[in-house]
Structures are given as C-alpha cells and as structure tokens.
Amino acid sequence: MAYRELQDRIRRLLKEKNALLLAHNYQRAEIQEIADLTGDSYELSVKASKTQADTIVFCGVRFMAESAKILSPGKTVLLPNPRAGCPMADMITAQQVEQLRAQYPDASVVSYVNTNADVKALSDVCCTSSNAVSIVRAVPARKVIFIPDKNLGSYVRKFVDKEMIIWDGYCPTHHHVYPAEVQRLKEQYPDAPFVCHPECRPEVVALADKVTSTSGIIKFTQEDPHRRFIIGTEEGILYQLRKNSPGKEFHLASYGFICPNMKRTRLEDVLLALEKNQEEIKLPPAIIEKARLPLERMIEMGAAALSG
Ligand code: 13P
Ligand code: SF4
C-alpha cells in the first residue's frame, strides 16, 4: 500500500475509535506528519495525561507508552511495535534500585523517565531532560540517587549543590558520539552553534552552546538568529527542525545518529495497532499505583525548562 493511503487509513481509524496519535520527535517523518501531537518525553507525558480520547497510540518507545498508561490507567494505550524498547531503561532493574535504597537510606531516588515501570514505582520523583536540573534542585533531600543516565546525571551535578550518586547507565545512541566529530564540524562551520542533548557524553556536552531536550533544541534553533546549526541528537529531529525553521541548515553531530528502537515503528505497524488493538500496554495495578506518584510529582514540580 502506498504510504499516503496508509496515512489516510490511519487517520480515518483514529477518528472512528476516538484515538489520539502521539509521536516522539525522533519518530519517522511519515509518522510525525500524521500525529495529533508531537513532542519530547515531558510534553508527551503531560499531553497523554490530559487527553479526552479513549485510546492513545504511542509512537515512541516502551517506557513512554508505559508512562502514558500509568498517568491514564482507564485508557487503552497502544505501542504499535512491541520491540520498540529503550536499552538505557533496561540498564537498571527494580532489584538494583532496592539495593541502592538500602545502601543510601537518607537519599531520594530521582529517576529519568527512561526507566521501566517497576523502577519508577520505587522512585521518589521522575524527571526528563527538560526539567532534570530543576527537579533535583527541588527535591528536599541533600543526597540524591540519580538513575539511570550517567551523562544526564553529570550534567545536572554541575548545577546543584547536592551529593549525587549516579548510576552507570547511558544511551547507546548518544554515548557513541565523540568530541573529535563535533570539533571537525565546528571547524567546517565556525558560524554554527552546537546544540546538544544532555544524554551525550560530558566531553561532547562541554563543546555545546546550548544543552537541552529535543523540543528545547527545536525551540532554540527557531528563535536563534543563526542560519545553521550543529545538532547533537537523533536524526528524527530533522523533520521538526526543517518544519519549524524552513531555510535554516542543520548538520548532525555524528554520521548515522540513529536510535534503532525509535525507527522500529512504521506506518504499517500503526495501522495494524488500530485494527487489532495491539500491543495494548498492561501493567499490574500495584505498579501503576506506585509509579503514578513520581510521575505526577514531576508534572507538579517541573514545568521549568532545563536551566543552569
Ligand atoms: P527528550 O525527552 O528530550 O525528548 O529525550 C528522550 C530520549 O529518549 C532521548 O534519547
Ligand atoms: Fe533510549 Fe537513547 Fe533511543 Fe532515547 S535515543 S529511546 S535514550 S536508546
């Protein structure tokens, strides 16, 4: 089936089922094109919690669809490709969080939303890349266990006066970008600001003119007067960058800057998901109940942009 026809059929089914299509900024362009809402992890979790739709079709990765289910347990949440996971989320288990809690009983656990539901259930508050600094600052405890991203954790550490115990997880896609590649691009385009995601390694973040979430990158490049930019995040963002800043030029910081999991979802999966109600996210009620609190706390505490 031609992709336009697939898109039309998806849009028709969404309407018939009172369903909402959410797409992360890294999704394939043909999916972002027909989404009701696009955004970064924070925006999508807030939007998912407010929708009146009966069904949420979440085009992103599993932890995002799980967060939508946790915030809207009465709704049907579909993850069109069940293999779309996040390797960083799988780098820490609930048992390891329990061990950390036992080791540091006076510390609060701040978990990046890139975690599985059972890990969120053991956390005090969640954060995303757009609010991590303000959330860690706002936590009353002097000691914070920050999981699972060591790169985001080291970035936050620079701006808070707290003891931080940082887990050794990382995003394979962002972690494998190296300063030499960025330096080369900076030499090639000396006028271009380098805008990067805090999941990049500290040596790369140190070269950035701006460090922010995916939606923060879209906003920054829109408002900044420069005509070209070096972009330190996954290539799916190019769709929104070009849409929001026509005429500007974007150069990815690394060749093949791709998250394979974000690319698993295709239009065919979205159509099948709607036709067959698959894969429906199902979580144990006790996990939903416990994981809701840290997510709701994040939404209450943390509309603030990544600062520092
Ligand atoms: P954002 O919250 O900035 O969209 O990031 C999500 C993510 O998975 C980055 O790799
Ligand atoms: Fe996970 Fe990295 Fe992919 Fe984001 S880009 S979903 S952190 S693997």
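The rules behind the values
Residues numbered from 1 in each chain as written. Chains lettered and ligands numbered in written order. Predicted model: local features only at pLDDT ≥ 70, side-chain atom pairs only at ≥ 80, totals over all residues. Heavy atoms only, no water. Pairing = 2+ DSSP bridges. Helix = DSSP H or I, 4+ residues; strand = E, 2+ residues; numbered from the N terminus. Buried < 20%, exposed > 50% of the residue type's maximum accessible area, 1.4 Å probe, protein only. Arc of directions from axis to C-beta. Near = heavy atom within 4 Å. Nonpolar A, V, L, I, M, F, W, Y, C, P; charged D, E, K, R; others polar. Core = buried A, V, L, I, M, F, W, Y, C linked by side-chain atoms within 4.5 Å. Contact = heavy atoms within 4.5 Å. Polar contact = N/O pair within 3.5 Å; in protein donor to acceptor, adjacent residues only side chain to side chain. Axes fitted to C-alpha atoms, helices over the stretch in contact; angles between N-to-C directions.

**Student:** Mind laying out the sheet that holds strand 11 (residues 228-232), listing which residues take part and the relevant values?
**Tutor:** Pairing between sheet strands relies on hydrogen bonds along the backbone, with the strands arranged either parallel or antiparallel. Pairing is parallel across the open sheet formed by four strands, whose spatial order is 10-9-11-12. The two strands at the open ends of the sheet, each matched to only one other strand, are strand 10 (210-211) and strand 12 (249-252). Sheet topology places strand 9 (residues 194-196) next to strand 10; two bridges connect them, and they run parallel. The partner of C196 across the bridge, within strand 10, is V211.

**Student:** Go over helix 5 (residues 94-103), please, and point to the residues and values.
**Tutor:** An α-helix turns once every 3.6 residues. As a result, residues three or four positions apart point the same way. Of the positions making up helix 5, those classed as buried are A94, V97 and L100. What you see down the axis of helix 5 is that its buried residues fit within an arc of 115°, all on one side. What points out from helix 5, more than 90 degrees from its buried face, is the exposed set Q95, A102 and Q103.

**Student:** Any details on the site of ligand 2? Residues and values, ideally.
**Tutor:** If you check the shell around ligand 2, you find Y26, V61, C86, P87, M88, N114, C171, H174, E199, C259 and M262 and nothing else. Here the shell around ligand 2 is built from residues that sort into eight nonpolar, two polar and one charged.

**Student:** So, the nonpolar core: which residues are in play, and what are the values?
**Tutor:** Formed by 68 residues in total, the largest nonpolar core has its most connected members in F58, V110, V136, F146, V156, F194 and M298. In terms of residues, this core owes the most to one element, helix 4 (residues 62-71), which gives six residues. Here F146 is in contact with V110, C127, V136, L152, G153, M164, I165, I166 and W167, once residues within four sequence places are set aside. The next biggest cluster of nonpolar side chains, apart from the first, holds 17 residues, and it includes L6, L13, A19 and A35.

**Student:** I'd like a description of helix 3 (residues 41-50), backed by residues and values.
**Tutor:** Buried residues of helix 3: S41, Y42, L44, S45, V46 and A48, and no others. The secondary structure elements touched by the buried residues of helix 3 are strand 1 (19-24), strand 2 (37-39), strand 3 (55-59), helix 4 and helix 15 (285-301). Here helix 3 starts with a cap whose side-chain oxygen sits 3.2 Å from the backbone nitrogen of Y42, and that cap is D40.

**Student:** Describe the sheet that holds strand 8 (residues 163-166), and please don't skip the residues or the numbers.
**Tutor:** Overall, parallel pairing links the four strands, which are arranged 6-5-7-8 in an open sheet. Edge strands, defined here as strands with exactly one partner in the open sheet, are strand 6 (125-127) and strand 8. Each strand axis lies, on average, 30° off the axis of its neighbour in the sheet, ignoring direction. Here strand 5 (residues 108-112) pairs with strand 7 (residues 143-147) via four bridges, running parallel. When the sheet's bridge partners are listed, V109 is paired in strand 7 with I145.

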